[in-house]
Amino acid sequence: MLGPVLLAAARSDSIRRLVSAAPVTRPVVDRFVAGEQLDQSLRTVRSLTGRGMEVTLDHLGEDITDRSEALRNRDAYLALAEALAGEGQGARAEMSVKLSAFGQALPGGDDLAYENVLPVVEAAAEAGTTVTLDMEDHTTVDSTLAILAELRKRFPQTGAVVQSYLFRTEEDCHALAGEGSRVRLVKGAYKEPASVAYQDKREVDLAYVRCLKILMAGEGYPMVGSHDPRMVAIAQELARAAGRKQDEYEFQMLYGIRDAEQERLVAEGHRMRVYVPYGTDWYGYFMRRLAERPANLGFFLRSLVTRG
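Bear in mind the structure is a predicted one, so any value in this text is a computation, not a measurement. (Residues numbered from 1 in each chain as written. Predicted model: local features only at pLDDT ≥ 70, side-chain atom pairs only at ≥ 80, totals over all residues. Heavy atoms only, no water.)

> What should I look at first to understand the pairing of strand 6 (residues 221-225) in this one?
Residues in a regular strand point their side chains to alternate faces of the sheet. Along strand 6, five of the five residues are buried, which leaves the element largely enclosed by surrounding structure. Judged by which residues are buried, strand 6 turns out to be covered on both faces: Tyr 221, Met 223 and Gly 225 on one side and Pro 222 and Val 224 on the other are all buried. You can see the chain leave strand 5 (residues 182-186), run along helix 9 (residues 201-217) and come back into strand 6, and the turn it takes is right-handed. In this sheet, strand 7 (residues 250-254) lies alongside strand 6 in parallel orientation, the contact comprising three bridges. Counterpart to Met 223 in the pairing with strand 7 is Glu 250. The parallel pair strand 6 and strand 7, bridged by helix 10 (residues 229-241), forms a crossover whose chirality is right-handed. (Buried < 20%, exposed > 50% of the residue type's maximum accessible area, 1.4 Å probe, protein only. Helix = DSSP H or I, 4+ residues; strand = E, 2+ residues; numbered from the N terminus. Right-handed = clockwise from strand over helix to strand, strands pointing away. Pairing = 2+ DSSP bridges.)

> Sorry if this is basic, but what is going on with the pattern of salt bridges here?
A side chain with one charge can pair with a side chain of the opposite charge if their charged atoms come near. In total, this model carries 25 salt bridges according to the counting rule given. The closest approach of N and O atoms between Asp 228 and Lys 187, which form a salt bridge, is 3.0 Å. Linking Asp 228 in the loop between strand 6 and helix 10 with Lys 187 in the loop between strand 5 and helix 9, this pair joins segments that are 41 residues apart in sequence. A salt bridge links Arg 230 to Asp 228; the nearest nitrogen and oxygen atoms lie 3.1 Å apart. Bridged by salt links that share partners, the residues Asp 58, Glu 94, Lys 98, Asp 134, Arg 182 and Arg 184 form one connected network. (Salt bridge = Lys/Arg side-chain N within 4 Å of Asp/Glu carboxyl O.)

> Please clarify how the sheet that holds strand 3 (residues 131-133) should be interpreted in this entry.
Each strand in a sheet pairs with another by means of backbone hydrogen bonds, the pair being arranged parallel or else antiparallel. One closed barrel holds the eight strands; their spatial order is 1-2-3-4-5-6-7-8, and the pairing between them is parallel. On average, each strand axis in the sheet is tilted by 30 degrees relative to the strand beside it, whichever way the strands run. This element, helix 7 (residues 141-152), spans strand 3 and strand 4 (159-163) of the sheet and lies at about 155 degrees to strand 3. (Axes fitted to C-alpha atoms, helices over the stretch in contact; angles between N-to-C directions. Contact = heavy atoms within 4.5 Å.)

> Is there a simple way to explain the environment of Val 29 in this structure?
For Val 29, the location among the structural elements is in helix 3 (residues 25-32). The exposure class of Val 29 is buried, given its relative accessible area of 0%. With 227 residues separating them in the primary sequence, Val 29 and Gly 256 have C-alpha atoms 9.7 Å apart. When sequence neighbours within four positions are dropped, the list of residues in contact with Val 29 reads Trp 282 and Phe 286.

Next comes the structure, spelled out in structure tokens:
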């Protein structure tokens, strides 16, 4: 029941100020966010890849209000691509971007977002890596998939994210499961109306399995974005049934969540990619992490009690 409240709080400036000012917030945020600066995130990349994992990096910033912010976000990703190339991490570290950070919601947003993300995708290719387009709320899906299709004409390795709680996602999975595609399947972390999305957890889970079957049976590269032990086990079984080897799909989990499970999957020979966010604009991301899992909220509240 708290999930919708926390998702609404993610867009509240007054609650943002309150949470940001709390003295215990920073230590808790540090569990989920790999620092505010690029060099801090690179230390995390080295640590994770040194333990056999792969990463996808997200420079935090979304729902921007002017074009100058879009340019700053573009430049932050260009600096990240350059740093990954310098570190020789292109084979192990990719980048995840939210098109709202590139101006998608501004006037002329589709063209603006494409104009800003294209040099990032180009820089990623030069660094030996790639970009995955994160999916945001349902109003952005058509725009995001259209930009993806345009990018894939030159950079077919560009990845997409789909969310199982949206009614449309099974159809999207069929469309995206072709040869060369890279698709990360997640359950979804935005507050969506009942007109477009399942509201019951069981229905979301069932939709996730249906979508996973489509992706595993397809010709693309499925990326299983889930911390749910049942979904991890189901993904392994579906991969075996589809005749996929362990390097023909991967698991993805968030930085700071289920670390032991991440280590276990690596030890079993699976590809495990950790989603590593960094940057100063951490608030919206942090609140969605609390909304997704009661354990995350409990962790935060315990910290307030023990440190307050």
